[in-house]
Amino acid sequence: MNDSTVTLPWLVFRQDDNGNRYRVGRYATRAEAQQIADTLDGRGHQQLYWVERLGAAGTGTAD
């Protein structure tokens, strides 16, 4: 398998206390993405973290 065939459909997003949204990373499994989001969320900052699956059009879709 080469890099062009690796699929990373799970995205972690962050929203800060000013409402700005950023993509934190892409992951192979939902469990991996959720673990990252939970770890970041557990740090006690006011940011919101969530997981979305990459849609067919290349956009995140809440899941």
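Going by the structure above, here's the rest.
Per chain, residue numbering runs from 1 following the sequence as it is written. Local features are withheld for residues below a pLDDT of 70 in this predicted model, meaning they are given only at 70 or higher, and side-chain atom pairs are given and counted only at 80 or more; totals for whole chains, interfaces and linings count all residues. Side-chain measures here rest on the full set of heavy atoms in the structure, leaving out hydrogens and waters.

**Here's the deal with the nonpolar core**
The criterion, for reference: By nonpolar core we mean a set of buried residues, namely Ala, Val, Leu, Ile, Met, Phe, Trp, Tyr and Cys, connected to one another through side-chain atoms within 4.5 Å. Each residue is assigned to one of three classes by its accessible area relative to the maximum for its type, calculated with a 1.4 Å probe on protein chains only: buried under 20%, partly exposed between the two thresholds, exposed over 50%. Only DSSP runs of H or I reaching four residues or more are called helices, and only runs of E reaching two or more are called strands; each is numbered from the N terminus. By the convention used here, residues are in contact when the closest approach between their heavy atoms is within 4.5 Å.
The biggest cluster of nonpolar side chains holds 8 residues, and these are Trp-10, Val-12, Tyr-27, Ala-33, Ala-37, Leu-40, Tyr-49 and Val-51. Among the elements of the structure, strand 1 (10-15), helix 1 (30-41) and strand 3 (48-54) are those that each provide at least two residues to this core. Per-element accounting of this core gives the leading share, 3 residues, to helix 1. Those residues in contact with Val-12 that lie beyond four places of it in its chain are Tyr-22, Arg-23, Val-24, Gly-25, Tyr-27, Ala-33, Ile-36, Ala-37, Trp-50 and Val-51.

**Observations concerning the environment of Leu-11**
Residue position: Leu-11 is located in strand 1. The spacing of Leu-11 and Leu-54 is 43 residues in sequence and 6.7 Å in space, taken between C-alpha atoms.

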